[in-house]
Amino acid sequence: MAVSLTHLPRILERHGDALLADWIREQLQAKSRTGAIKEGELREQCAEFLRLLREATAKGGTSDVSRPEFEPLRELLANVSRSRGVQGFSPSETAKFVFSFKRPLFMRLREELGRDAVALADETWAVTELLDELGLLTTETYQKTREAVIARQQEEMLELSTPVVKLWDGILALPMIGTLDSNRTQVVMETLLEKIVETGSEVAIIDITGVPTVDTLVAQHLMKTVAAARLMGAECIISGIRPAIAQTIVHLAIDLGNVITKANLADAFKTALDKRGMAQVPGR
Amino acid sequence: MPVLKEETVAIGSDADVVLVRQLVRRRAQELRFSLVDQTKLVTAASELARNALEHGRGGEMLLQVLQDPPRSGLRLVFADQGPGIANVELAMKDGYTTGGGLGLGLGGAKRLVNEFAVESTPGKGTRITVTKWH
Ligand SMILES: Nc1ncnc2c1ncn2[C@@H]1O[C@H](COP(=O)(O)OP(=O)(O)OP(=O)(O)O)[C@@H](O)[C@H]1O
Ligand SMILES: [Mg+2]
């Protein structure tokens, strides 16, 4: 594909400083959360953008931002949107980085090409397309960054959502919620075993009321935990096996024979107190 | 038999096994399966998806909504291009495992559904079809 001739690099060269000043003013005026970004950082990003845009368009024209000449510019935009994504900017605020450059640039284009209506129209059109594409790039990166942030938050939440609580002296409870899969189950079970040691507990109740599916892998994890706890001198009680899950466990032929199971947490707690030799339910 | 709807899910990671379960549960709910039947089918799907992932080097699940008035049903086809199962009868036995599991997945899955079929060619792959009717 031929590189289309463009006045852009020349205009960027000649009006570089003025463009930079206009563009930054434009963004600071919009002033949504831009306050959150330091003016110095913004100035640096904008100056770098102008330099890379000039280099890219001088060698690669304006028609195709996927050309190798645009690589450094694409990278800069990716960095800018990534950092804004992490800082919590909205997608439109992030895209405005590029779009806010239109007005200052078009003013200069008119100044330079104003007498040649055809050239002005052509150039304006080409530049609009170029900036739109670059703006879209920022949105794409922004989305990916946000997705990564959300995935990380979800992971953190998973860990947070399975707290081991001390129900009573010597009695721990682990209410499990959501999908029990290898990674998470591993983390949760390890936490429980650590807590057993830490608190010197004798009974641990694993409540699975909030677990939608118990398959052979989940069952195996549960049984391993029960066995490990036993080695440390603690007994586990599994509570909250709902009727539908009880039936599937039977069909799977999983043998929970040597594990104490109770219908609900309250029953399990009573059993735990009995085991600890306490006839009285607390609070009575 | 009329297939009302078809969709495929790739099985390449633990997270995909979760997606398989979620999709199967959603479709079973839409067909108004009882809670017990939902749970049975989802659990069978979980076993077969994990087998495809762990023993079959990953694969995919095809889900079909079947209409056979007055019944409706869900058919799940798990296919992989892994090593295949040399002795299906043995693999189906409760407690048989080559991977340190409980060895209850295949036999259990069969007991959790209405129809169950294994086609497996050593060196080529495995295809397991299960159907649950409502
Ligand atoms: N898709 C497959 N491809 C190749 N081999 C398989 C496949 N599915 C099952 N097998 C073989 O059959 C055996 C039994 O499978 P099954 O699901 O019953 O037990 P498991 O996966 O070993 O343990 P789990 O009880 O956790 O499911 C496996 O150990 C494996 O050798
Ligand atoms: Mg299995």
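The structure this text deals with has already been given above.
Rules used in this analysis
Residues numbered from 1 in each chain as written. Chains lettered and ligands numbered in written order. Predicted model: local features only at pLDDT ≥ 70, side-chain atom pairs only at ≥ 80, totals over all residues. Heavy atoms only, no water. Helix = DSSP H or I, 4+ residues; strand = E, 2+ residues; numbered from the N terminus. Buried < 20%, exposed > 50% of the residue type's maximum accessible area, 1.4 Å probe, protein only. Contact = heavy atoms within 4.5 Å. Phe/Tyr/Trp six-rings, centres within 6.5 Å; stacked < 30°, edge-to-face > 60°. Lys NZ or Arg CZ within 6 Å of the ring centre and 35° of its normal.

Moving on to the environment of A:Val203. All names here are of chain A. Relative to the elements of secondary structure, Val203 occurs in strand β3 (residues 203-210). Classification of Val203 as buried rests on a relative accessible area of 1%. Taking C-alpha positions, Val203 is 8.8 Å from Leu273, a pair spaced 70 residues apart along the chain. Ignoring any residue separated from it by four or fewer positions in sequence, one finds Val203 in contact with Gly170, Ile171, Leu172, Glu235, Ile237, Ala272, Lys275 and Arg276.

Our focus in this paragraph is the packing of aromatic side chains. Counted according to the given criterion, the structure contains 5 aromatic pairs over all chains. Arranged with centres 5.9 Å apart and planes meeting at 85 degrees, the rings of A:Phe49 and A:Phe97 form a pair that is edge-to-face. Here A:Phe97 lies in helix α5 (residues 91-99) and A:Phe49 lies in helix α3 (residues 39-60), a separation of 48 residues in the sequence. You'll find A:Phe49 and A:Phe97 in the same group, each marked buried. With a centroid separation of 5.9 Å and 80 degrees between ring planes, the pair formed by A:Phe49 and A:Phe101 is classed as edge-to-face. Residue A:Phe49 is found in helix α3, and its partner A:Phe101 is found in the loop between α5 and α6 (102-113); the two are separated by 52 residues along the sequence. For the pair A:Phe49 and A:Phe101, a shared accessibility class is recorded, and that class is buried. Of the aromatic side chains, those joined through ring pairs into one cluster are A:Trp23, A:Phe49, A:Phe97 and A:Phe101. A:Arg84 extends its terminal NZ or CZ atom over the ring of A:Phe89, reaching a point 5.4 Å from the ring centre. A cation sits over an aromatic face here: B:Arg71 above B:Trp133, 3.8 Å from the ring centre.

Remember that the coordinates give geometry; whether it matters functionally is a separate question.
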